[in-house]
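# Summary of the model geometry
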Amino acid sequence: MKLPKIKMTGTAWIVAAVLATAIWPFSTGAEEAKANRLFGAIAAGSTQDPDPVGSYAKGCLAGGLQLPDSGPTWQAMRLSRNRNWGHPALLDYVIDLSERAAKLGWNGLYIGDMSQPRGGPMTSGHRSHQIGLDVDIWMLPPERLNLTKEERESKSSISIRTPDQKNLSGNWTDTHMEILKAAAEHPMVDRIFVTAPAKIHMCRHAGKDRAWLQRIRPLYGHHYHFHVRLKCPPGSTECVTQTPTAAQLSKGGDGCDATLRWWVTGYLEELKKPPKEPAVPVRGVRDYTMADLPERCTQVLASN
Ligand SMILES: [Zn+2]
């Protein structure tokens, strides 16, 4: 069958495609509207009270606020993605940390992805960042804070680790450590993800003041940016606290232990083996429909 040719702009096409899958009442399986398409198509936060709903990797954000594109000590990057939204506690945190970074000798911070306007699963990238409490912060010290929109699309961050994944590269500086320490000391922080060589280095150089190290967690990737996750804000009733907690993972210590070493030994050995096919295909965030998310997310999506 030949379809009539209709000229559509990019946005109109996405909206039409999303609506087509959303309103078809008898759809099942693959035809059912994907939550990431629905959340990805909405340009602004809901006019509700700010509230994270669900868990970091399965939820949404009511009343999200947009971090201003630029401020005296920060710039949000990749504005075309429209992911500089979050819970007010996250905006406060980002601005506060950027001011500290400026005091520690950088011009401020380049801010990567936070959440979509109403949170939810994304069409690309992250599994988490769904409830307005996660932020990626670039490892690149800002050269200046008047980058144009175009520069913020094309500029890349820098990696602070060697390609063999075992050590820090020459891009790492003492200021990186001071900023990560300041980032981890904030009382709202649940945990921070960073490449293992950075944590190994900080374990060696932290001295006696080590409590903050517990909240620094090693993870694959996270060498172009570090990822800060805030705790559920006080008063929120539907935000799901992550378990195991950072304290449980490190058995109450600083996490400078064998589980940390594994990331530069056993983990790298495992990477050399061919990947095992899962017996049952794993359902990922990009497969989620609204039925997978907390019920309230349907309201958040539909709200003004
Ligand atoms: Zn992240």
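Residues numbered from 1 in each chain as written. Predicted model: local features only at pLDDT ≥ 70, side-chain atom pairs only at ≥ 80, totals over all residues.

## Focus on the overall build of the chain
Condition: Strands here are runs of E lasting at least two residues and helices are runs of H or I lasting at least four, both read from the DSSP assignment and numbered beginning at the N terminus. Neighbour density around each residue's C-beta defines its exposure: 20 or more other C-beta atoms within 10 Å make it buried, 12 or fewer make it exposed, and counts between make it partly exposed, where C-beta atoms are placed from the backbone. Any two residues are considered in contact once their C-beta atoms, placed from the backbone, lie within 7 Å.
What the chain contains, in helices and strands, is 10 helices and 11 strands. Buried positions account for 36% of the 304 residues belonging to the chain. Of the contacts formed within the chain by residues at least 6 apart in sequence, a portion of 73% connects residues at least 24 apart.

## Considerations on the environment of Ala 183
Of note, Ala 183 is situated in helix α5 (residues 174-185). Each C-alpha atom, one on Ala 183 and one on Arg 215, is 9.7 Å from the other, the two residues being 32 residues apart in sequence.

## Quick notes on the pairing of strand β2 (residues 58-62)
In plain terms, the rule: Whether two strands pair comes down to DSSP finding at least two bridges between them.
Within β2, 5 of the 5 residues are buried, leaving the element largely enclosed by the surrounding structure. Here β2 shows a buried face lined by Lys 58, Cys 60 and Ala 62 and a second buried face lined by Gly 59 and Leu 61. Inspection of the sheet shows strand β1 (residues 51-55) paired to β2 by 5 bridges, in the antiparallel sense. In the strand pairing of β2, Ser 55 is matched with Lys 58. From the end of β1 to the start of β2, which pair antiparallel, there are 2 residues.

## Quick look at unusual backbone geometry
Residues Thr 243 and Pro 244 are joined by a peptide bond in cis, for which omega reads -10°. Even without a glycine there, the phi angle at Asn 82 is positive, about 55°. Its location among the elements puts Asn 82 in the loop between β5 (74-76) and β6 (85-86). The backbone of His 129 sits at a positive phi, close to 65°, despite the residue not being glycine. Inspection of the secondary structure puts His 129 in the loop between β7 (109-111) and β8 (134-138). His 129 gets classed as buried once you count the C-beta atoms within 10 Å, which come to 29.

## Brief notes about the nonpolar core
Taken as a class, soluble globular proteins show a tendency for nonpolar side chains to be buried jointly. Filter applied, for reference: One nonpolar core equals one set of buried Ala, Val, Leu, Ile, Met, Phe, Trp, Tyr and Cys residues connected by C-beta atoms within 7 Å.
Ranked by internal contacts, the top residues of the largest apolar core, which has 53 residues, are Cys 60, Leu 90, Val 94, Ile 111, Leu 180 and Ile 192. Examining the composition of this core, we find that 6 residues originate from one element, helix α3 (residues 88-103), more than from any other.

## Observations regarding α5
How we decide: Multiplying 1.5 Å by the residue count of a helix minus one yields the expected span of that helix.
Taking 1.5 Å of rise per residue, 12 residues should cover 16 Å, and α5 covers 17 Å from first to last C-alpha, within 8% of that figure. Residues of α5 that are buried sit in contact with α3, β9 (189-194), α6 (196-205), β10 (216-218) and β11 (225-230).

## Thoughts on α6
Since there are 3.6 residues in each turn of an α-helix, residues three or four apart along the chain are aligned in direction. Among all positions in α6, only Ala 196, Pro 197, Ala 198, Lys 199 and Met 202 are buried. Structurally, α6 contributes buried residues whose contacts are with α5, β9, β10 and α8 (258-261). Phi turns positive, to about 70°, at Gly 207, one or two residues after α6.

## A short note on the pairing of β9
Going by this rule: Handedness of a crossover: with both strands directed away from the viewer, a clockwise path from the first strand across the helix to the second marks it as right-handed.
Across 4 bridges, the pairing between β9 and β11 is antiparallel. Residue pairing in the sheet places Val 189 in a bridge with Leu 230 of β11. Strand direction decides the pairing type here: β9 and β10, joined by 3 bridges, are parallel. Its bridge partner being in β10, Phe 193 is matched across the sheet by Arg 217. As for the winding sense of the linkage, the β-α-β connection from β9 through α6 to β10 is right-handed.

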